[in-house]
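Structural description and commentary
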Amino acid sequence: MWFKNLRLYRLADTFSTTAADLEKAVGASRFEHCSGQNTSSSGFVPPFGHRSESLVFSGQQQLIVTARFEKKVIPPSVITDETQKVLDAEEQQTGRKPKKSDRARAREAVLGKLIPQAFAIHSDVSVWLDLDQHLVIVDTSSSKKAEDTLSLLRKALGSLPVQPAETKDSVSTALTNWVLEGGSTVEGVMVTNEVTLSGTGDDNAVISAKKQDLFTDAIANLVKNDKVVTKLGLSCKDGEMEFVLEDDFSIKRLKIADELKNGGDTDAGNEDPVVRATTDYTIMTGLLSKTISDLAGAFGGIKPFSENGD
């Protein structure tokens, strides 16, 4: 339910939608399981879980939808073995060695038989539209998965003008300075014990350190020898929120303490699941929206949407 990875996209200022309009749009693309000879399927499912029919969370200019991607999986070895069985039977019956075209035909026949029986696996990706900050945040560490999810949402809406969010100042330069100067410039945000440094110019070396004191001469010397910080572990809310910030302004491996998630409510686990999910999303969007805004401010803010893609 809570986002674990954040890939950020700048939404055009001219874009607008409502919860009702979004519900109608994604409702026409509601997820349906793979059937017949189809090997993949995609569509939208309730972000609250199966106990709800609503496909959109909405609250205070924050909208969340969840896309589901399903595919049928047949191990390649099974396809190869079953195809060979067909070819062996035909050879025994006709006495003729199979040709390349025979193998292709047999493989298609095998797939036609196996696909309807194949197991299907699925993955869910949630998309958060922050209409206040004109941002779209996708809960995935994969840029391809993010683009696939945005394409699905764009198809449902008819238009979704977004670009990867870029800050006005270099994230990498700022993170490097934080390591050299002994801390972040964002109030309440602390540098933790994880860093990745990459070489510049012809130096393509990558050095990662975990569970290390980053404010040491050893780390400083690496930076001074043409290395820059490309990933940095950070924490805030007195350590109750931890994550890794990357130089493309994406957030990975977000961890939030239960106390922060529950908002101090000790009986949170006893609520109706849909009510709990609604509360979670409300807390999450408020908490992360503020964190994103504070971080962006340290890097000069997020660049406006460019109609030319520049």
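Residues numbered from 1 in each chain as written. Predicted model: local features only at pLDDT ≥ 70, side-chain atom pairs only at ≥ 80, totals over all residues. Heavy atoms only, no water.

1. Details of the packing of aromatic side chains
Formally: Aromatic rings from Phe, Tyr and Trp, taking only the six-membered ring of Trp, are treated as a pair when their centres fall within 6.5 Å; an angle between ring planes under 30 degrees marks them as stacked, one over 60 as edge-to-face, and anything in between as tilted. Strands are runs of DSSP state E lasting at least two residues, helices are runs of H or I lasting at least four, and both sets are numbered from the N terminus onward. Think of it in three bands: with a 1.4 Å probe and only protein chains considered, a residue is buried below 20% of the maximum accessible area for its type, exposed above 50%, and partly exposed in between.
According to the stated counting rule, one finds six aromatic pairs in the structure shown. Arranged with centres 6.2 Å apart and planes meeting at 85°, the rings of Phe 3 and Trp 128 form a pair that is edge-to-face. In this pair, Phe 3 sits in the segment before β1 (7-11) while Trp 128 sits in strand β5 (residues 119-130), placing the two residues 125 residues apart along the sequence. Looking at Trp 128, the relative accessible area reads 0%, which means it is buried. Taken together, a centroid distance of 5.9 Å and an interplanar angle of 85° make the contact between Phe 249 and Phe 299 edge-to-face.

2. Some remarks on the sheet that holds strand β9 (residues 206-210)
Backbone-to-backbone hydrogen bonds join strands into a sheet, with any given pair of strands oriented parallel or antiparallel. The condition is simple: The pairing criterion is simple: DSSP has to find at least two bridges between the two strands. Working convention: axes come from line fits to C-alpha atoms, limited for helices to the stretch in contact. Angles between N-to-C directions cover 0 to 180 degrees. Throughout, a residue-residue contact means that at least one pair of heavy atoms, one from each residue, lies within 4.5 Å.
Here we have five strands laid out as an open sheet, ordered β9-β8-β10-β11-β12, and antiparallel in their pairing. On the outer flanks of this sheet lie β9 and β12 (251-256), each paired with one strand and no other. Strand after strand, the sheet turns through a mean of 15° between neighbouring axes, direction not considered. As judged from the seven bridges shared by strand β8 (residues 190-199) and strand β10 (residues 227-236), these two strands associate in the antiparallel manner. When the bridges of β10 are listed, Val 191 appears paired with Leu 234. Where helix α8 (residues 273-298) meets the sheet, it contacts β10, β11 (241-246) and β12, and its direction lies at approximately 40° from that of β11.

3. A few points about the pattern of salt bridges
Applied cut-off: Salt bridges are defined by distance alone: a side-chain nitrogen of Lys or Arg within 4 Å of a carboxyl oxygen of Asp or Glu.
Across all of its chains, the model carries 16 salt bridges by this definition. The closest approach of N and O atoms between Lys 85 and Glu 82, which form a salt bridge, is 3.3 Å. Of this pair, Lys 85 and Glu 82 both sit in helix α2 (residues 76-94), separated by three residues, roughly a single helical turn. Through salt bridges with shared partners, one network takes in Glu 90, Arg 96, Asp 102 and Arg 105.

4. Let's talk about the environment of Ala 25
Within the secondary structure, Ala 25 sits in helix α1 (residues 19-27). Taking C-alpha positions, Ala 25 is 5.4 Å from Ala 156, a pair spaced 131 residues apart along the chain. Every residue in contact with Ala 25, bar those within four places of it in the chain, is listed here: Ala 156 and Leu 157.

Such coordinate-based values are descriptive only and should not be taken to indicate function.
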